[in-house]
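The lines below spell out each chain.
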Amino acid sequence: MKITSIRATAVLVPRPTPFTSSLGTHAGSENAIVEIDTDAGITGVGEASSIWDRRGRGCADDINGLLAGALIGRDPTQIRQITDIMDTLLSPRSAPAKAGIEMALWDILGKALDTPVYQLLGGAVRERLALSRSLSMGTVDEVVAQADALVAEGYGTLKMKVGRDAAADLANLGALRQRFPDLCLRVDANMGWPNAKTAARYIRELEEFDIELVEQPLHERDLEGLRFLREALDVPIMADESVWTPADAIACVKADAVDVFNVYVSEAGGLGPAARIFAIADAARLTCIIGSMPELGIGTAAQAHLAFAMPNIGFASDVNGCVYHADDVADHGLRIEDGYVYPPCGPGLGVTLDPERVQKYRI
C-alpha cells in the first residue's frame, strides 16, 4: 500500500459562547483537517489542533507545502518511520501538523486491518473513562451557572481557569465549593503566574477549597520553579505546556518538577509520541491525564483511542474536546454521557468526515 495524496484544510468551528483563560478569549477553534489517500482505496483522516501561533492555517501550510511532498509514495503502515521523517523536517513546536498526519496513518492501518486503533495500541484497559470539563473565566454568577449545567450533565470533575485576577479566582472557587461541597475541583493557571513565590502564595489560598490539582502554574520552561512548588505545597502539580514531547517528559522527570503529566495527542506529535510520554511517566511512577486543545470530532476520537489503551491515567481527563463546539466537521459516534466517555466504535479512528461541513467552516 502506498500514499497517493495528502491534503490539509484549515477550518474555523465556532463555540456556543467565547471561552476565556489566562491565554485569552477564543470564540472558536481553528484546526486543520487532514485526508490521506492510498492506492488501496483507503482514506485516513486526521486533525491538527492548536491554540498556538501556527493554528489551523499554519498547520495546513506545513502539511500541504512540505510534508505532503516528502511522504507521497511511502507505505502508510510504516508509521514510526514516517514520524521520524517528519521530525527531521519540522521542529517540535510544529507537532500539531505532524500529529494530524500521524493519526490519519493510524486510521488507515486500523481500516486496513478492520480493527479500532486502541487495539493496535495494546488493547482496551478500561470500560469507560471519567471526564473533566473546563469553566471559562467570568463573574461568580457566570462561573456557577456553567458549573450548574455541567453537573446536571453528570460531570463529577470541573476545572476552573485561574491566574489573571487573584480576587476573582478566590471568589469563584469559594462559590463553587460552597455550592458543590463534594465536587472534584481542579485549577489551571495556563502559565499565568509570573514566578514560583507568587504562585505559591496564591495556591496556598486556593488550597483552602480542597482542590485536586494545579495545572501549569508557571512558564513551560521554569522547571526549577515547578519543582519548588511541588516541594512546598501539598496539592499535586500537573504539567501541561511543559510536557509537549517525550524529551520534555524526560526533562520533567529529571528535574522532579511535577506529579502528573497532562498529555496531548496534538502537542506530542501524534498517538505514538503521546504513548511514549505515558511510558516515561509509568517508568517514573507518575500518572497522567489526557488534555484537550480543544479538538473537533477527529482529534477527540484519537484521544479516546489513546485513553482506552494507556493504563496509567490517574484522574479524570479532557477526552471531550468536540463538546466545546457548536458544530463539527465529522461524525465520530463517540458515546459521551453522565461524565464518562466510552470506547470508540468501528475500524480505525471510527469517524466519518462530512465534506459539506468541511466546506462550510473552511477558512
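Described below are features of the structure shown in this document. Treat the numbers as computed from the prediction; the structure is a model and nothing was measured.

1. So, the pairing of strand 8 (residues 211-215)
Across the 5 residues of strand 8, 5 count as buried, placing the element largely inside the fold. Bridging between strand 7 (residues 184-188) and strand 8 involves 3 bridges; their strand directions are parallel. Across the sheet, Val187 pairs through a bridge with Val214, a residue of strand 8. Between the parallel pair strand 7 and strand 8, the chain is carried across by helix 7 (residues 196-206), and the sense of this crossover is right-handed. Read from strand 8 through helix 8 (residues 223-232) to strand 9 (residues 237-239), the crossover connection turns out right-handed.

2. Observations concerning the packing of aromatic side chains
To describe a pair of aromatic rings, you give the distance between the ring centres and the angle between the ring planes. This model, assessed by the stated rule, comprises 2 aromatic pairs. Taking 6.4 Å as the distance between ring centres and 90° as the angle between the ring planes, the aromatic pair formed by Phe19 and Tyr324 counts as edge-to-face. One end of the pair, Phe19, is in strand 1 (residues 3-21); the other, Tyr324, is in the loop between helix 12 (297-309) and strand 12 (330-331), with 305 residues separating them in the sequence. Tyr324 matches Phe19 in its accessibility class, with the two residues each being buried. Over the ring of Tyr324 we find Arg133, and its NZ or CZ is 4.7 Å from the ring centre.

3. Details of the sheet that holds strand 3 (residues 43-48)
What the 3 strands build is an open sheet, ordered 1-2-3; its pairing is antiparallel. Edge positions in the open sheet fall to strand 1 and strand 3, since each of these has one partner strand only. Across the sheet, the axes of successive neighbouring strands diverge by a mean angle of 20°, strand direction being ignored. Pairing between strand 2 (residues 24-38) and strand 3: 6 bridges, direction antiparallel. Pairing of Val34 across the sheet is with Gly46, part of strand 3. Across the face of the sheet, helix 3 (residues 95-113) comes into contact with strand 1, strand 2 and strand 3 while running at roughly 150° to strand 3. Together, strand 2 and strand 3 form the strand contacts of helix 12, whose direction differs from that of strand 3 by roughly 95°.

4. Focus: the sheet that holds strand 6 (residues 157-161)
One open sheet holds the 7 strands; their spatial order is 5-6-7-8-9-10-11, and the pairing between them is parallel. Taken across any chain shown, the strands that pair with only one partner, and hence form the sheet edges, are strand 5 (132-135) and strand 11 (287-290). When strand polarity is set aside, the average angle formed by the axes of neighbouring strands in this sheet is 30°. Its contacts with the sheet put helix 6 (residues 166-179) on strand 5, strand 6, strand 7 and strand 8, and the angle it makes with strand 6 is roughly 165°. In the packing of helix 11 (residues 271-283) onto the sheet, contacts are made with strand 10 (260-263) and strand 11, and the angle to strand 10 comes to roughly 175°.

Procedures and definitions
- Residues numbered from 1 in each chain as written.
- Predicted model: local features only at pLDDT ≥ 70, side-chain atom pairs only at ≥ 80, totals over all residues.
- Heavy atoms only, no water.
- Buried < 20%, exposed > 50% of the residue type's maximum accessible area, 1.4 Å probe, protein only.
- Helix = DSSP H or I, 4+ residues; strand = E, 2+ residues; numbered from the N terminus.
- Pairing = 2+ DSSP bridges.
- Right-handed = clockwise from strand over helix to strand, strands pointing away.
- Phe/Tyr/Trp six-rings, centres within 6.5 Å; stacked < 30°, edge-to-face > 60°.
- Lys NZ or Arg CZ within 6 Å of the ring centre and 35° of its normal.
- Axes fitted to C-alpha atoms, helices over the stretch in contact; angles between N-to-C directions.
- Contact = heavy atoms within 4.5 Å.

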